[in-house]
Amino acid sequence: GQQVMQIPQYQHVQEGEDFTTYCNSSTTLSNIQWYKQRPGGHPVFLIQLVKSGEVKKQKRLTFQFGEAKKNSSLHITATQTTDVGTYFCADNAGNNRKLIWGLGTSLAVNP
Amino acid sequence: DGGITQSPKYLFRKEGQNVTLSCEQNLNHDAMYWYRQDPGQGLRLIYYSQIVNDFQKGDIAEGYSVSREKKESFPLTVTSAQKNPTAFYLCASRSAGLRQPQHFGDGTRLSIL
């Protein structure tokens, strides 16, 4: 079945450095949702990308959807300790009934 | 205040015992989901329901059962057949419209005594 690969699995950065996580698929993605899960918490929806080549920004976060709709990325500029957590991408599979989740990228930020 | 309530927050199971995790939502969402999350792992789908009195198996349904008798409630039973139940269990819901995001409860941590 369809798989969504996310890299890297872990990332440690110094506060103020940038961070990027990538979400890739061998098949065309329907539309990508990004979630953030703080340590000990639950996933919280961040944003959804639908169109090929789409770029959306939320303050220091930039989300991109590839032109071929086979990859997506989340970039954080100048990380802060509040960015700590695991970032998941998920494809809203064509039948719209369930999400196909990546394994997530865990971000640690050293103050 | 609308949301999803999972209870209990922590649960301990004895060998051979069935336990039921509660999930209630007052968001008027049609679809509800149960996920299992192991340390350092992603989310694995156990069961989901699109409508009352109907539900489908997810990727790891063996050893689990669910019911959907009311729109707002989707309890998960971890049966004694689930040999490795220690995990973090997350319930989510979503409205019926296209491309709607999932909203999650705070989760239940289940451990074996």
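The structure this text deals with has already been given above.
Residues numbered from 1 in each chain as written. Chains lettered and ligands numbered in written order. Predicted model: local features only at pLDDT ≥ 70, side-chain atom pairs only at ≥ 80, totals over all residues. Heavy atoms only, no water.

A few points about the overall build of chain B
Counting its regular elements, chain B contains 0 helices and 11 strands. Reading the helices (α) and strands (β) of chain B from amino to carboxyl end gives β-β-β-β-β-β-β-β-β-β-β. Relative to the globule expectation of 13 Å for 113 residues, the C-alpha radius of gyration of chain B, 13 Å, shows essentially globular dimensions. Dimensions of chain B, computed from C-alpha atoms along their principal axes, come out at roughly 40 × 25 × 25 Å. Accessible surface, chain B: about 5600 Å² in total, of which carbon and sulfur atoms supply 46%. In chain B, 13 positive and 11 negative side-chain charges are present, and the distance between their average locations comes to 4 Å. (Helix = DSSP H or I, 4+ residues; strand = E, 2+ residues; numbered from the N terminus. Rg over C-alpha atoms; globule rule 2.2 N^0.38 Å. Areas by Shrake-Rupley, 256 points an atom, 1.4 Å probe, with all protein chains shown as cover. Lys, Arg positive; Asp, Glu negative; His and termini not counted. Charge placed at Lys NZ, Arg CZ, Asp CG, Glu CD.)

Considering the pattern of salt bridges
The final tally for this structure, using the stated rule, is 5 salt bridges over all chains. Its salt-bridge partner being Arg 60 of chain A, residue Asp 83 of chain A comes within 2.9 Å of it at the nearest N-O pair. With a gap of 23 residues between them, Asp 83 of chain A in the loop between β8 (71-76) and β9 (85-92) and Arg 60 of chain A in the loop between β6 (55-58) and β7 (61-65) connect regions that are remote in the sequence. Classification of Asp 83 of chain A by relative accessible area gives buried; the value is 5%. Notably, a salt bridge pairs Arg 36 of chain B with Asp 38 of chain B, separated by 3.0 Å at the nearest N-O pair. Judged by its relative accessible area of 4%, Arg 36 of chain B is buried. Using a relative accessible area of 14% as the deciding quantity, one classes Asp 38 of chain B as buried. Taken together, the shared-partner salt bridges connect Arg 36, Asp 38 and Arg 44 of chain B into one network. (Salt bridge = Lys/Arg side-chain N within 4 Å of Asp/Glu carboxyl O. Buried < 20%, exposed > 50% of the residue type's maximum accessible area, 1.4 Å probe, protein only.)

Digging into the interface of chain B and chain A
Taken residue by residue, the interface counts 25 residues in chain B and 20 residues in chain A. Taken as a group, Leu 43, Arg 99 and Phe 104 of chain B account for 29% of the area that chain B buries against chain A, more than any other trio of residues on that side. Run the count over chain B and chain A and you get 0 salt bridges. For the pair chain B and chain A, the interface holds 6 residue pairs in polar contact (both at pLDDT 80 or more). Listing elements by their share of the side of chain B that touches chain A, those giving two or more residues are β4 (31-37), β5 (43-51) and β9 (87-94) of chain B. Here the side of chain B that touches chain A takes 4 residues from β5 of chain B, the largest share from any one element. Here the residues of the side of chain B that touches chain A are counted per class, giving 10 nonpolar, 10 polar and 5 charged. (Contact = heavy atoms within 4.5 Å. Buried area = accessible area lost by both parts, 1.4 Å probe. Polar contact = N/O pair within 3.5 Å; in protein donor to acceptor, adjacent residues only side chain to side chain. Nonpolar A, V, L, I, M, F, W, Y, C, P; charged D, E, K, R; others polar.)

A closer look at the packing of aromatic side chains
Each pair of aromatic rings is reported with the distance of its centres and the angle of its planes. In total, this model carries 13 aromatic pairs over all chains according to the counting rule given. Aromatic side chains Trp 34 of chain A and Phe 63 of chain A sit 6.4 Å apart centroid to centroid with 55 degrees between the ring planes, which places their arrangement in the tilted category. Of the two residues, Trp 34 of chain A is situated in strand β4 (residues 32-37) and Phe 63 of chain A in strand β7; the sequence distance between them amounts to 29 residues. For Trp 34 of chain A, a relative accessible area of 0% puts it in the buried group. Owing to a relative accessible area of 0%, Phe 63 of chain A belongs among the buried residues under this scheme. With centroids separated by 5.8 Å and ring planes inclined at 85 degrees, the aromatic side chains of Trp 101 of chain A and Tyr 35 of chain B adopt a geometry described as edge-to-face. Within this pair, whereas Trp 101 of chain A is found in strand β10 (residues 99-101), its partner Tyr 35 of chain B is found in strand β4, the two belonging to separate chains. Side by side, Trp 101 of chain A and Tyr 35 of chain B carry an identical accessibility label, which is buried. Three or more aromatic residues joined by ring pairs form one cluster here, namely Tyr 35, Phe 45, Phe 88 and Trp 101 of chain A together with Tyr 33, Tyr 35, Tyr 48 and Phe 104 of chain B. Between the NZ or CZ atom of Arg 68 of chain B and the centre of the ring of Phe 74 of chain B, over which it lies, the distance is 6.0 Å. (Phe/Tyr/Trp six-rings, centres within 6.5 Å; stacked < 30°, edge-to-face > 60°. Lys NZ or Arg CZ within 6 Å of the ring centre and 35° of its normal.)

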